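Fold and contact review
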Amino acid sequence: MSAPLSCENLTFSFDKKPMFNNINLTFKEGEFVGLIGANGAGKSTLLQLLLGLLKAKSGEVLLHGDSISKLKRREIAKQLAFVPQSIELPYAFTAQQLVAMGRNPYLGAFELEGEADKKLIDKAMRQTDISHLQHRLVNTLSGGEKQRVIIARALAQQSPTILLDEPIASLDICHQLETMQLIQTLTEAGKTAITALHDLNLAARYCDRLILIGKQENGMTGIISDGTPEQVLTDENLKKQFSIQAKIDLQNEKVVLSNILPISS
Ligand SMILES: Nc1ncnc2c1ncn2[C@@H]1O[C@H](COP(=O)(O)OP(=O)(O)OP(=O)(O)O)[C@@H](O)[C@H]1O
């Protein structure tokens, strides 16, 4: 069976500045993948390419083997949900109305949500701990509350694959852990999750696979390393790609970084 999401020979540049050259990736059903890399490495850009929001210069993104460029946005939305870093809304929506937008790909124009949709909306709000915020206007919520509303919208979308751009950046520590646990539970149930993350310890603790993006020897952006957290979070990668040194241990079969220090250039 073809993978829920893959890309073949993706090449991309912003204006004339070459960025990705020949990226090939396959994401399997039930994988929890962390995209890691320093600021400006290209994590968001890769997510936008996988979503079909940025157009590759060459190569293609495939959803279950079908080229994303041939699918309508509505069909793509049934397969891929996205949690962006931030969201600007032109009008005042309540949290519940925003979460309900996750059902739009399944509804006709002017069609209202049915009972089954409402159940999924309620469930997504419970899973992200925002049921008590349902009637609040989203633009009055704190950054972390708003982030959880956006995650709930993506869950209500019920897509087999979810892409998240730093979903825990503005969350308190408890909601960070709960969100990572929630994504882990969803992937254990078969969903594929690909999430950009800055916290390497949380990435190592929860993700099955890490993809490290960064500058290659030839100056182009590419995949520096792709594998288990143990394979990717090596002394050399931490030094070269993050300019840090750290003590790397294994605790309960999970990589744990401690004594993290910047390497002054
Ligand atoms: N619209 C654009 N036009 C030109 N360059 C861009 C554009 N968007 C992003 N870039 C550049 O592409 C590079 C990758 O950016 P991207 O946002 O993908 O990085 P990132 O890994 O997500 O970074 P961060 O961790 O800081 O969010 C950066 O050098 C950025 O300045």
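Residues numbered from 1 in each chain as written. Predicted model: local features only at pLDDT ≥ 70, side-chain atom pairs only at ≥ 80, totals over all residues.

Let us now look at the site of the ligand. Taken together, Phe14, Gly37, Asn39, Gly40, Ala41, Gly42, Lys43, Ser44 and Thr45 are the residues near the ligand. With three residues, helix H1 (residues 43-50) is the single largest residue contributor to the shell around the ligand. (Near = placed C-beta within 6 Å. Helix = DSSP H or I, 4+ residues; strand = E, 2+ residues; numbered from the N terminus.)

Moving on to the pairing of strand E6 (residues 80-83). Of the two faces of E6, the one lined by Leu80 and Phe82 and the one lined by Ala81 and Val83 are each fully buried. Pairing analysis gives four bridges linking E6 to strand E7 (residues 161-165), with the strands arranged parallel. In the sheet register, Ala81 faces E7, and the bridge partner there is Ile162. (Buried ≥ 20, exposed ≤ 12 C-beta atoms within 10 Å, placed from the backbone. Pairing = 2+ DSSP bridges.)

Moving on, we come to the packing of helix H4 (residues 115-127) against helix H5 (residues 143-156). Closest axis-to-axis distance for the H4/H5 pair is 8 Å, and the angle between their directions is 140°. What the angle tells us is that H4 and H5 run oblique. Considering how the two elements wind past one another, H4 and H5 form a crossing that is right-handed. Across from Leu120, Ile121, Ala124, Met125 and Gln127 in H4, the residues of H5 making contact are Ala152, Leu155 and Ala156. (Axes fitted to C-alpha atoms, helices over the stretch in contact; angles between N-to-C directions. Parallel < 35°, antiparallel > 145°, perpendicular 65-115°, else oblique. Left-handed = near helix turned anticlockwise from the far one by under 90°. Contact = placed C-beta atoms within 7 Å.)

This part takes up unusual backbone geometry. The backbone of Glu166 shows a phi angle near 50°, a positive value even though the residue is not glycine. At Ser243, a position not held by glycine, the phi torsion is positive, near 55°. As for its placement among the helices and strands, Ser243 is situated in the loop between helix H9 (235-242) and strand E11 (244-251). Given 13 C-beta atoms within 10 Å, Ser243 falls into the partly exposed group.

It is worth spelling out H9 at this point. For H9, the complete set of buried residues consists of Leu238, Gln241 and Phe242. All buried residues of H9 fall inside an arc of 95° around its axis, so they share one side. Structural note: H9 exposes Asp235 and Glu236 on the side pointing more than 90 degrees away from its buried face. One or two positions beyond H9, positive phi appears at Ser243, with a value near 55°. (Arc of directions from axis to C-beta.)

An ideal rise of 1.5 Å per residue puts 18 Å on 13 residues; H4 measures up with 18 Å between its terminal C-alpha atoms. All of the buried residues in H4 are Leu120, Ile121, Ala124 and Met125. Considered in projection along H4, the buried side chains sweep an arc of 135° and stay on one side of the axis. Opposite the packed face of H4, turned more than 90 degrees from it, sit the exposed residues Glu115, Ala116, Lys119 and Arg126. (Expected span 1.5 Å × (residues − 1).)

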